[in-house]
Amino acid sequence: MKTLTSTCVLLLMLTLGAEAQRTSPDTIPAEAGEVTVHPVRHGSLVLQWNGHAVYVDPVGGAALYEGLPRPDLVLITHPHGDHMDLATLRALNDKNPVIIAPKVVGQELPSDFEGQVVVLPNGSDTNRSAAGDMPDIPVNVRSVPMYNLPDGPDARHPKGWGNGYLVELGGKVFYVSGDTEDIPEMRSLEGVDVAFVCMNMPYTMDVNQAADAVLEFQPAIVYPYHYRGQNIARFKELVDAGGTAVEVRLKEWYPGN
């Protein structure tokens, strides 16, 4: 009994320690209950709703996701190591979630993920009826462009290579930018309730570009993420000064750093 009790205490401490590495979650009012936003680290996040979990670019090891439900659906924006990590995907693969990804990711995923991958080119979408292997989640996912300017074969993220995503969940539309610059396709977005917008140089865009784009497409709520080394307080100042109703939520995506 003493050994069992000690083991349980150790497991609890490990779980609490892993959860302490994440910043506190937020909630978004939605149909059939709230959507809980779990910022994890850098470009990784989890959307939890009505008993389901959507993971975006899960990397960093399974310990970062302790205390969260295993994914029903995984979205991968592109194959760079801070967005796709096979070890983490394998560790979180208990429920054999559907993995939505661009073609380049589908080509890199090994055979043990066979049957789980739905490849979405830019501008396409899927739902349960379009992809029979989708989990029983009332969700629609549309892939949108993410790329660097000027676009070309030498760009870190050329057009068509990776995906941003629009996710409809609980009647709300969530936009995940992936690694993009201030591209016209982002500026032309409409009806976005919650946006996760990247900003880190020289890989994506700076806070001035990100703020200017957000002021144009005007999501109801925006989270700066993937912002290592950038002044997100300045991003909030710029958006707040823009005279719109966009709410900027600043979260700690680099705890302990």
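Please refer to the structure placed before this passage.
Residues numbered from 1 in each chain as written. Predicted model: local features only at pLDDT ≥ 70, side-chain atom pairs only at ≥ 80, totals over all residues. Heavy atoms only, no water.

Draft legend 1. Region of interest: helix H5 (residues 207–217). The complete set of buried residues in H5 reads Val207, Ala210, Ala211, Ala213, Val214 and Phe217. In an axial view of H5, the angular spread of the buried residues amounts to 165 degrees, which keeps them on one side of the axis. In this structure, the buried residues of H5 make contact with strand S11 (172–176), helix H4 (184–187), strand S12 (194–198), strand S13 (221–225) and helix H6 (232–240). Residue Asp206 occupies the N-cap position of H5, its side-chain oxygen lying 3.0 Å from the main-chain nitrogen of Asn208. (Buried < 20%, exposed > 50% of the residue type's maximum accessible area, 1.4 Å probe, protein only. Helix = DSSP H or I, 4+ residues; strand = E, 2+ residues; numbered from the N terminus. Arc of directions from axis to C-beta. Contact = heavy atoms within 4.5 Å. Polar contact = N/O pair within 3.5 Å; in protein donor to acceptor, adjacent residues only side chain to side chain.)

Draft legend 2. Just the pattern of salt bridges, in detail. Inspection of every chain in the model, using the stated rule, returns 13 salt bridges. The partner of Arg187 in a salt bridge is Asp212, and the shortest N-O contact between them spans 2.5 Å. On the criterion of sequence distance, the pair formed by Arg187 in helix H4 and Asp212 in helix H5 is long-range, its members being 25 residues apart. A relative accessible area of 18% means that Arg187 is categorised as buried. (Salt bridge = Lys/Arg side-chain N within 4 Å of Asp/Glu carboxyl O.)

Draft legend 3. Inspection of the pairing of strand S2 (residues 35–41) at higher detail. Within S2, seven of the seven residues are buried, which leaves the element mostly enclosed by the surrounding structure. Sheet topology note: the strand S1 (residues 26–28)/S2 ladder contains three bridges and is antiparallel. Its bridge partner lying in S2, Ile28 is registered against Val35. Once S1 ends, the chain turns through six residues before running back antiparallel as S2, passing Ala32 with a positive phi of about 60 degrees. Counting the residues between successive antiparallel strands, the hairpin from S2 to strand S3 (residues 44–49) contains two residues, one of them, His42, with a positive phi of roughly 55 degrees. (Pairing = 2+ DSSP bridges.)

Draft legend 4. Here's a closer look at the packing of aromatic side chains. Overall, the coordinates contain seven aromatic pairs when judged by the stated rule. Judged by centre distance (5.8 Å) and plane angle (85 degrees), the rings of Tyr175 and Phe217 are edge-to-face. Of the two residues, Tyr175 is situated in strand S11 and Phe217 in helix H5; the sequence distance between them amounts to 42 residues. Exposure remark for Phe217: the relative accessible area of 4% places this residue in the buried category. An aromatic cluster is present here, built from Phe196, Tyr223, Tyr225 and Trp253 joined pairwise through their rings. (Phe/Tyr/Trp six-rings, centres within 6.5 Å; stacked < 30°, edge-to-face > 60°.)

Draft legend 5. Spatial organisation of the sheet that holds strand S8 (residues 125–126). The mixed open sheet is built from seven strands, whose spatial order is S8-S9-S10-S11-S12-S13-S14. With one partner strand each, in any of the chains shown, S8 and strand S14 (247–248) form the two edges of the open sheet. Sheet topology places S13 next to S14; two bridges connect them, and they run parallel. Bridging from a neighbouring strand, Val222 pairs with Val248 of S14. Strands S11, S12 and S13 of the sheet are contacted by H5, whose axis makes an angle of about 155 degrees with S12. (Axes fitted to C-alpha atoms, helices over the stretch in contact; angles between N-to-C directions.)

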